[in-house]
Amino acid sequence: MRFGNINGRLSLIDGAKALDVEKASDGRFAPDPGLVFERWEEFLAWGQRQTLDDAVPFTPESVGPPVVRPAQVFGIGLNYQAHASESGIQEAVPAPAVFTKFVTSITGPYSRVTLPSDTVDWEVELVVVIGRHAKDVRTEDAWSHVAGLTVGQDLSERTIQLSGPVPQFSLGKSYPGFAPIGPAVVTVDEFADPDDLALSCDLDGEILQDGRTRDLTRSVPELIAYLSSIVPLLPGDLIFTGTPAGVGMARRPQRFLTPGATLNSRVEGIGTMSNTFVSG
Ligand code: ZN
């Protein structure tokens, strides 16, 4: 099942067509995409029975973020060894490096993002959407707590992120629009192997990052087990699982996003986001 946010309304998605959930369910489910996780199991059972025969075409402009107000958004740093190495960290990271992206940074998969400076970087990531309350979850049970997967960009203002005696990851990664997600959430059963998905991003067609999630230092189940040993994970929460090598900061010379550029970000089996940039 694929679901998302079309014109602010919860929708099942099939290619370029969408089925409005509130209408198709005769009002059983609210149109607000933010309410779906309160009744996740019921919605999942209903959604998987739908045929989408009555789905109608939608435009990219009508697509909003599939998760609109998660209670918590986790970001994981340095979770691919090749990216840790390009960031100057050769030794194994002893525990996941965790930060938050504040929820006001969430935006849609085709949105235009304002650049607050000339040092904003790209990070394509697989994003996990939690479906069931998770506390002290074992790795072998972790996937059953996931509602689905989506594509994310962990846009990062590197000057703020790395400034001062204590880096400010959460602020540097939380300007408005710095967390594009979408274009849809895809449930775990749709993937032959959810632990091995290709992900990549390109800037105006030039491939910048190209990796596979099997190379995550901490896999999705390991991240859920680790985070839930400390913090309860709530339905609708997001986990940005980390970015593969190829960020702009690590390039010589360094490269960053510029006004007018289009950043395309994709994960196998989910889809492609296309975000454009304007100067602040
Ligand atoms: Zn990241």
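Structure first, text after, so check above.
Since this is a predicted model, take the numbers as computed values, not measurements. (Residues numbered from 1 in each chain as written. Predicted model: local features only at pLDDT ≥ 70, side-chain atom pairs only at ≥ 80, totals over all residues. Heavy atoms only, no water.)

Draft legend 1. Region of interest: the sheet that holds strand E16 (residues 206–212). A sheet is described by the order of its strands in space; here 5 strands give the open sequence E9-E19-E18-E15-E16, paired in mixed fashion. The open sheet has two edge strands, strand E9 (112–115) and E16, and neither has a second partner. Strand-to-strand twist of the sheet, defined as the mean angle between neighbouring strand axes without regard to direction, takes the value 20 degrees. When strand E18 (residues 262–267) meets strand E19 (residues 271–279), the two strands line up antiparallel, connected through 6 bridges. Across the sheet, residue Arg266 finds its bridge partner in E19, namely Thr272. (Pairing = 2+ DSSP bridges. Helix = DSSP H or I, 4+ residues; strand = E, 2+ residues; numbered from the N terminus. Axes fitted to C-alpha atoms, helices over the stretch in contact; angles between N-to-C directions.)

Draft legend 2. Looking closely at the coordination of the zinc ion. Summarising the metal site, the zinc ion is bound by the protein donors Glu123 (OE), Glu125 (OE) and Asp154 (OD), whose distances to it range over 1.9 to 2.1 Å. Coordination of the zinc ion draws on donor residues from a single chain, spaced E-x1-E-x28-D in sequence. A residue pair is termed long-range when its members are at least 10 positions apart, and Glu125 in strand E11 (residues 124–130) and Asp154 in the loop between strand E12 (146–153) and strand E13 (156–157) qualify at 29 residues. On the basis of relative accessibility, which here comes to 0%, the residue Glu125 falls in the buried class. (Donors = N, O, S within 2.8 Å, 3.2 Å for Na, K, Ca; no water. Buried < 20%, exposed > 50% of the residue type's maximum accessible area, 1.4 Å probe, protein only.)

Draft legend 3. Main features of the nonpolar core. Leu149, Ile224, Ile239 and Leu257 are the most contacted members of the largest nonpolar core, which totals 42 residues. If you list the elements that add at least two residues to this core, you get strand E6 (73–77), E9, E11, E12, strand E15 (198–203), helix H7 (220–228), E18 and E19. Ignoring sequence-local partners within four residues, the contact set of Ile239 consists of Phe74, Ile76, Leu126, Val127, Val128, Ile130, Ile224, Leu227 and Leu233. In this structure, Val36, Ala55, Val129 and Ala179 belong to the second largest nonpolar core, which totals 26 residues. (Core = buried A, V, L, I, M, F, W, Y, C linked by side-chain atoms within 4.5 Å. Contact = heavy atoms within 4.5 Å.)

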